[in-house]
Every structure is written in C-alpha cells, then in structure tokens.
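Overview (structure and organization)
Listed below, chain by chain, are the residues.
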Amino acid sequence: GLYFVTFNQDATSLAVGTTTGYKLFTLNGHDRFDQTYEFTGEDVCIVERLFSSSLIAMVSLSAPRKLKVCHFKKGTEICNYCYPNTILAVKLNRARLLVVLEEILYIHNIKDMKVLHTIRDTP
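Residues numbered from 1 in each chain as written. Predicted model: local features only at pLDDT ≥ 70, side-chain atom pairs only at ≥ 80, totals over all residues. Heavy atoms only, no water.

1. Observations regarding the nonpolar core
- Judged by nonpolar contacts, the single largest core of 21 residues is most densely connected at Leu-67, Ile-87, Val-90, Leu-97 and Val-99.
- Only β5 (44-49), β6 (55-60), β7 (63-71), β9 (89-92), β10 (96-100) and β11 (104-109) provide two or more residues apiece to this core.
- If you tally residues by element for this core, the top one is β6, at three residues.
- Among the nonpolar cores identified, the runner-up in size contains nine residues, and Val-47, Ile-56, Met-58 and Cys-70 belong to it. (Core = buried A, V, L, I, M, F, W, Y, C linked by side-chain atoms within 4.5 Å. Buried < 20%, exposed > 50% of the residue type's maximum accessible area, 1.4 Å probe, protein only. Helix = DSSP H or I, 4+ residues; strand = E, 2+ residues; numbered from the N terminus.)

Right, here's the structure in full:
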C-alpha cells in the first residue's frame, strides 16, 4: 500500500513511500511518469528528493523518529538523526532541510546537516 506521495521542488520527479520501501518516478515531457528507482526493505512513510539529485531524505514507520539522508544511486546512507518525537514532515531546498515535529521545527544546513535553528512551541 501507499503511505506518501510528493513532487520534488521543481515538479520533475515524484517520490512514493510504500509499505515495502519507496519508488522514484521522473516526469517526461509527455506527461508520463517513468519509474527511475525502487528501494525495498522498509516501510517508508516520508520520502523527499532534492530536485533531480541523488539525495533523498526518508522516514520509516518502524522508526518514525529517525531521519535518514541517503544517496540512492550509490545505495549509501549519508547520515541519520533521531528526534524526540515522531517526524511529521520533511522539506528540502538547495540550502536547508526542515524537519517538522508536533511542537518543534529543526532547520539543518543541507551541506553538513548541522542544526542552524530550532523553533519551539509551533502552533
């Protein structure tokens, strides 16, 4: 089954989180999606791709407080972070990675993943 579907930042790629992993699709010029990658092994409830790069951020249902940042083409995990509560959303741009918890936002520098800001008591 499906857990999550999102476009990348420029709407050229679609990421789909499933009960068995995630899939990446590329939108070609004819409004058709071609599957470009499939990962199996975890129940992925959040997956975000940075534009059309090989960088993805993912969260699994089996570890909902853990964010993994991976290079999907190499099949390598770049880093992972654990948070105090369940991760509700992850957003990326060329400079920042945002992790949304119920009452806290974490803003990371995407180049070294250092936490730049923590915003507490969000509405």
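Right, picking up where we left off after that structure.
2. A few points about the sheet that holds β5
- The four strands lie next to each other as β5-β6-β7-β8, forming an open sheet whose pairing is antiparallel. Two strands in the sheet have a free side with no partner beyond their single neighbour: β5 and β8 (76-82). Across the sheet, the axes of successive neighbouring strands diverge by a mean angle of 20°, strand direction being ignored.
- Inspection of the sheet shows β6 paired to β7 by five bridges, in the antiparallel sense. By the bridge assignment, Met-58 is partnered in β7 with Lys-68. (Pairing = 2+ DSSP bridges. Axes fitted to C-alpha atoms, helices over the stretch in contact; angles between N-to-C directions.)

3. Section: the pattern of salt bridges
- Counted according to the given criterion, the structure contains three salt bridges.
- Between Arg-32 and Asp-34 there is a salt bridge; the shortest N-O distance is 3.1 Å.
- Among the residues examined, Asp-34 registers a relative accessible area of 29% and is labelled partly exposed.
- Of the charged contacts in the structure, one is a salt bridge between Glu-42 and Lys-68, with a shortest N-O distance of 2.8 Å. Separated by 26 residues along the polypeptide, Glu-42 in the loop between β4 (33-40) and β5 and Lys-68 in strand β7 bring together distant segments of the chain. As far as the burial class goes, Glu-42 and Lys-68 line up, both buried. (Salt bridge = Lys/Arg side-chain N within 4 Å of Asp/Glu carboxyl O.)

4. Observations regarding unusual backbone geometry
- Of note in the backbone geometry, Ala-11 takes a positive phi value of approximately 60° without being a glycine.
- In this fold, Ala-11 is placed in the loop between β1 (2-7) and β2 (13-18).
- The exposure class of Ala-11 is partly exposed, given its relative accessible area of 36%.
- With a phi angle near 65°, Met-113 is a residue other than glycine that sits in the positive phi range.
- Residue Met-113 is classed as buried on the basis of its relative accessible area, which comes to 5%.

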